[in-house]
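# Structural overview for review
So the chains spell out like this:
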Amino acid sequence: MRTLAFIAPRKTAALLALIALAWGTQLVACHHQGAAPVQAAELKPIQLPQPEITAGIPLMQALAQRKTTRAFLDKPLPLQTLSNLLWAAFGVNRPREVKPGLGRTAPSAMNRREIELDVVLASGVYVYEAEANRLRPVAGGDLRGKISPEAAAHAAVTIVYVAAAKDGFAQVDTGFIGQNVYLFAASEGLNAWFYSLHGQDVATALKLPEGQQALYAQSVGYPPQ
Ligand SMILES: Cc1cc2nc3c(=O)[nH]c(=O)nc-3n(C[C@H](O)[C@H](O)[C@H](O)COP(=O)(O)O)c2cc1C
């Protein structure tokens, strides 16, 4: 399995595994905390495998291959690939030296990490809990067609970028994460498409609490055969 080799060295992987275990139960409160709808109770949290951070194609090749492709095969990603994808997007990549806490693969304004990644799979919608490397269910059922445009309605994964603010730093923070996703997809030979949400009632489908907004979405999956 390949991932982006340039993100972190092997020693850091072992360190991160320890940190994730130690910090896993002391998470920053997430936007959906305490607001899980009834259907989500039927879904179990998904503990993701440790991300593989020693493989992947060189950065310059990933950049050379990065592109938007608006077509997907209806086939799920292996759990390891999903873990690698979310880690590349906005995972924990280091302990922070200046301030206590954990660093992420994408920067965020004032280190607020205000973008929540809502991960839409065929089985339901989950919030990516980066520190615990876990997916927390928030809505059950296949909602892909309600969230994505037709061309991405069967993509293996759609990440919805959710934040309290719609403008300013939230837009910039989302852009950094979106580019990480594009580069990971290029590295893995997967298709990716970042898009605006026009008219879809994503907030209802995702059961977003009052004040939370879906800013953009990004679908990733295998190319059509
Ligand atoms: C902020 C933003 C919003 C976008 N919204 C859409 C969209 O609503 N629909 C779409 O098909 N593509 C959307 N895109 C993808 C762009 O159309 C695409 O990146 C552009 O055509 C360049 O193609 P490339 O990514 O292959 O280089 C968006 C990209 C960005 C950065």
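Predicted model only: the values in this text are computed from it and were never measured. (Residues numbered from 1 in each chain as written. Predicted model: local features only at pLDDT ≥ 70, side-chain atom pairs only at ≥ 80, totals over all residues. Heavy atoms only, no water.)

## A closer look at the confidence of the model for the protein
Considering every residue of the protein, the mean pLDDT works out to 85; 81% of them sit at 70 or more. Scored below 50 in pLDDT, residues 1-31 shows 71 contacts in the model against residues more than four places distant or in partner chains. In the model, residues 34-38 has pLDDT below 50 throughout and makes four contacts with residues more than four positions away in sequence or in other chains. (pLDDT = per-residue confidence, 0-100. Contact = heavy atoms within 4.5 Å.)

## Quick look at the site of the ligand
As a structural note, the neighbourhood of the ligand is formed by Arg-66, Lys-67, Thr-68, Arg-70, Trp-193, Phe-194, Tyr-195, Ser-196, His-198 and Tyr-216. Between the ligand and the protein, one listed contact pairs a nitrogen atom with a backbone N or O atom of Phe-194 at 3.0 Å. Take Ser-196: an N or O atom from its side chain is 3.0 Å from a nitrogen atom of the ligand. When the ligand sits alone it has 620 Å² of accessible area, and the protein chains cover 52% of it. Here the shell around the ligand gets four residues from one element, more than from any other, and that element is strand E8 (residues 191-196). Tallied by class, residues from the shell around the ligand come to four nonpolar, three polar and three charged. (Near = heavy atom within 4 Å. Polar contact = N/O pair within 3.5 Å; in protein donor to acceptor, adjacent residues only side chain to side chain. Areas by Shrake-Rupley, 256 points an atom, 1.4 Å probe, with all protein chains shown as cover. Helix = DSSP H or I, 4+ residues; strand = E, 2+ residues; numbered from the N terminus. Nonpolar A, V, L, I, M, F, W, Y, C, P; charged D, E, K, R; others polar.)

## Details of helix H3 (residues 79-90)
Every α-helix winds through 3.6 residues per turn, so residues three or four apart in the chain are directed the same way. Between its first and last C-alpha atoms H3 spans 17 Å; for 12 residues at 1.5 Å apiece the expected length is 16 Å, and the two agree. Burial within H3 is extensive, with 11 of its 12 residues counted as buried. (Expected span 1.5 Å × (residues − 1). Buried < 20%, exposed > 50% of the residue type's maximum accessible area, 1.4 Å probe, protein only.)

## Observations regarding the nonpolar core
In this structure, Leu-82, Leu-86, Leu-117, Tyr-128, Leu-135 and Val-157 are the most contacted members of the largest nonpolar core, which totals 39 residues. Taken together, the elements giving at least two residues each to this core come down to H3, strand E4 (116-121), strand E5 (124-129), strand E7 (157-163), helix H5 (169-188) and strand E9 (213-221). Here this core gets seven residues from one element, more than from any other, and that element is H3. Leave out the neighbours within four places in its chain, and Leu-117 touches Leu-86, Ala-89, Phe-90, Tyr-126, Val-127, Tyr-128, Ile-159, Val-160, Tyr-161 and Ile-177. (Core = buried A, V, L, I, M, F, W, Y, C linked by side-chain atoms within 4.5 Å.)

## Some thoughts on the environment of Ala-155
As for its placement among the helices and strands, Ala-155 is situated in the loop between helix H4 (144-147) and E7. Expressed as a C-alpha distance, the spacing of Ala-155 and Pro-223, which sit 68 residues apart in the sequence, is 9.3 Å. The residues touching Ala-155, leaving out its near neighbours within four places in the chain, are Phe-72, Arg-144, Ser-219 and Val-220.

## Some thoughts on the packing of aromatic side chains
Within the structure shown, the criterion is met by three aromatic pairs. Each ring, one from Phe-194 and one from Tyr-216, has its centre 5.0 Å from the other, and the planes form 35 degrees; the classification is tilted. On the criterion of sequence distance, the pair formed by Phe-194 in strand E8 and Tyr-216 in strand E9 is long-range, its members being 22 residues apart. Members of the aromatic cluster, connected to one another through ring pairs, are Tyr-161, Phe-194 and Tyr-216. Taking NZ or CZ as reference, Arg-66 lies 4.7 Å from the ring centre of Tyr-182, over its face. Taking the ring centre of Phe-90 as reference, the NZ or CZ of Arg-104 above it sits at 4.5 Å. (Phe/Tyr/Trp six-rings, centres within 6.5 Å; stacked < 30°, edge-to-face > 60°. Lys NZ or Arg CZ within 6 Å of the ring centre and 35° of its normal.)

## What to know about the sheet that holds strand E6 (residues 134-140)
Ordered in space as E1-E6-E5-E4-E7-E9-E8, the seven strands form an open sheet in which the pairing is antiparallel. Edge positions in the sheet fall to strand E1 (46-47) and E8, since each of these pairs with one other strand and no more. Two elements, E4 and E7, share five bridges in a ladder whose sense is antiparallel. Looking at E7, one finds that Val-119 is bridged to Ile-159. (Pairing = 2+ DSSP bridges.)

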